[in-house]
Amino acid sequence: MTRYDQRRADQLDEAMLEPPLPDSAVKALGRWLADPERGRRYADGSGPHTILYAPAKWTAVTPWPITFADRAVDESASVSRAEVVAAVRAAERSESWAKAFVATQVWGYGGSGYGPYRTRQVLAQPNAEAVLTEAVSLLVDEGAVAAYELLNTLHGLGPSFFTKFLYFAGLALPEVKGPRPLILDRVLAGVLRRHASKAGRAHGYEWSGAVARWIWRDGGWSPHRYDVYLRWMHAAHARLTAATIDWPAAPDVLELALFSGAWNPE
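Reading the values: the criteria
Residues numbered from 1 in each chain as written. Predicted model: local features only at pLDDT ≥ 70, side-chain atom pairs only at ≥ 80, totals over all residues. Heavy atoms only, no water. Helix = DSSP H or I, 4+ residues; strand = E, 2+ residues; numbered from the N terminus. Expected span 1.5 Å × (residues − 1). Buried < 20%, exposed > 50% of the residue type's maximum accessible area, 1.4 Å probe, protein only. Contact = heavy atoms within 4.5 Å. Axes fitted to C-alpha atoms, helices over the stretch in contact; angles between N-to-C directions. Parallel < 35°, antiparallel > 145°, perpendicular 65-115°, else oblique. Phe/Tyr/Trp six-rings, centres within 6.5 Å; stacked < 30°, edge-to-face > 60°. Lys NZ or Arg CZ within 6 Å of the ring centre and 35° of its normal. Lys, Arg positive; Asp, Glu negative; His and termini not counted. Salt bridge = Lys/Arg side-chain N within 4 Å of Asp/Glu carboxyl O. Polar contact = N/O pair within 3.5 Å; in protein donor to acceptor, adjacent residues only side chain to side chain. Core = buried A, V, L, I, M, F, W, Y, C linked by side-chain atoms within 4.5 Å. Pairing = 2+ DSSP bridges. Nonpolar A, V, L, I, M, F, W, Y, C, P; charged D, E, K, R; others polar.

Draft legend 1. How the structure looks around helix α3 (residues 81-93). Across its 13 residues, α3 extends 19 Å between first and last C-alpha, which sits within 8% of the 18 Å expected from 1.5 Å per residue. All buried positions along α3 are accounted for by Arg-81, Val-84, Val-85, Ala-87, Val-88, Ala-90 and Ala-91. Taken together, the buried residues of α3 touch β2 (77-80), α4 (97-109), α8 (159-172) and α12 (252-259).

Okay, here's the thing in structure tokens:
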């Protein structure tokens, strides 16, 4: 097995960014955006993207976002990205980042049965609300990577879910330092893993597959890796908006498209 080292990782990152998207990817993403059954509903942004959840399963979780469904009713409900942003803004006005966190986790877990339990476990930590509040301050003053590093200290809350909190906080706040945060989960990491491996092979790096599997593994990404992810996503977004496919101005539409399988780099 090829030994991992930072030098090779850096070389692979540069290969992946030159350019961030091949022409085939631009075409595939353009087709996704034009498809009325897939991406066309997001032509003006990702706000309509909606998930289903069961409010009654969240009765033991506090604090509860006031704009979310009544948990006393045993029926399924839906919540869109735009509605989560509104809930986070309302929570920010009441200075309750724990309430904002709950809103993002409801959307993130959707119909998963273990979401309420995991969310309660995170919030039960004595320093949880202080960490969430400080992470938002870091996002404003220093940027997404500094906030990512702090949130990584919360026990039981992996990057796939705390980047959802970061993402929605970044949308709700009027200003943040540097590029606004985006969600990174195992699906997105898988896309980057395949793209990095292919880009490395094009540069003659016979070891690219092994290194890509390490740096873009399914979880546990370092703050540096999140920085690389944001650099790539925003560069890829710029490539799309420069193309003649009417790509929307919001970078998170790319995250949604890649999560939806709009482009397979293999």
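This is not the end of the story, as more comes after the structure.
Draft legend 2. Summary view of the packing of helix α9 (residues 186-202) against α12. Two numbers describe how α9 lies on α12: the axes approach to 9 Å, and their chain directions differ by 85°. Relative to α12, the element α9 is oriented roughly perpendicular. Here Val-187, Leu-188 and Val-191 of α9 come into contact with α12, specifically with Glu-255, Leu-258 and Phe-259.

Draft legend 3. Representation of the packing of aromatic side chains within the structure. By the definition in use, this model includes 15 aromatic pairs. A ring pair is formed by Trp-58 and Trp-64, whose centres lie 6.3 Å apart and whose planes are at 40°; its orientation type is tilted. Its relative accessible area of 1% is what places Trp-58 among the buried residues. Consider the rings of Trp-97 and Phe-165, whose centres lie 6.2 Å apart with planes at 90°: the pair is edge-to-face. Of the two residues, Trp-97 sits in helix α4 while Phe-165 sits in helix α8, which places them 68 residues apart along the sequence. Relative accessible area serves as the criterion here: at 8%, Trp-97 is assigned to the buried category. Taken together, the ring pairs in this structure connect Tyr-53, Trp-58, Trp-64 and Phe-68 into an aromatic cluster. The ring of Phe-161 carries Lys-164 above its face, with NZ or CZ at 4.5 Å from the centroid. Stacked on the ring of Trp-214, the Lys or Arg Arg-217 has its end atom at 4.4 Å from the ring centre.

Draft legend 4. Local environment of the side chain of Asp-185. Within the secondary structure layout, Asp-185 lies in the loop between α8 and α9. Buried within the structure, Asp-185 lacks any salt-bridge partner; its nearest side chain of opposite charge belongs to Lys-164, at an N-O separation of 4.4 Å. Engagement of the side chain of Asp-185 in a polar contact is seen with the backbone nitrogen of Leu-188, the distance being 3.0 Å. Those residues in contact with Asp-185, other than ones at most four positions away along the chain, are Ser-160, Lys-164, Trp-221 and Phe-259.

Draft legend 5. Quick peek at the nonpolar core. Core analysis: the biggest nonpolar cluster contains 94 residues, and Leu-29, Tyr-229 and Trp-232 have the highest contact counts within it. The biggest single contributor to this core is α4, with nine residues. For Tyr-229, the contacting residues outside a window of four places in its chain are Leu-182, Ile-183, Leu-184, Leu-188, Leu-192, Trp-216 and Glu-255.

Draft legend 6. Quick look at the pairing of strand β1 (residues 50-53). Burial along β1 is one-sided: Ile-51 and Tyr-53 are buried, and none of Thr-50 and Leu-52, which face the opposite way, are. Inspection of the sheet shows β1 paired to β2 by four bridges, in the antiparallel sense. Counted as the bridge partner of Tyr-53 is Ala-77 from β2.

Draft legend 7. The arrangement of unusual backbone geometry in detail. Residue Pro-19 follows Glu-18 across a cis peptide bond; omega there is -15°. The residue after Thr-62, namely Pro-63, is reached through a cis peptide bond having omega 0°. Within the fold, Pro-63 resides in the loop between β1 and β2. Even without a glycine there, the phi angle at Glu-95 is positive, about 60°. Summarising the element assignment, Glu-95 is placed in the loop between α3 and α4. A relative accessible area of 68% means that Glu-95 is categorised as exposed. The phi angle at Asp-246 is positive, at roughly 55°, despite the residue not being glycine. Mapped onto the secondary structure, Asp-246 falls in the loop between α11 (223-242) and α12.

Draft legend 8. Summary view of the packing of α11 against α12. It is at 9 Å that the axes of α11 and α12 come closest, and there the two elements cross at 100°. In terms of their interaxial angle, α11 and α12 are classed as roughly perpendicular. Of the residues in α12, those in contact with Tyr-229, Trp-232, Met-233, Ala-236, His-237 and Leu-240 of α11 are Leu-254, Glu-255 and Leu-258. Split by residue class, the contact of α11 with α12 holds seven nonpolar, one polar and one charged.

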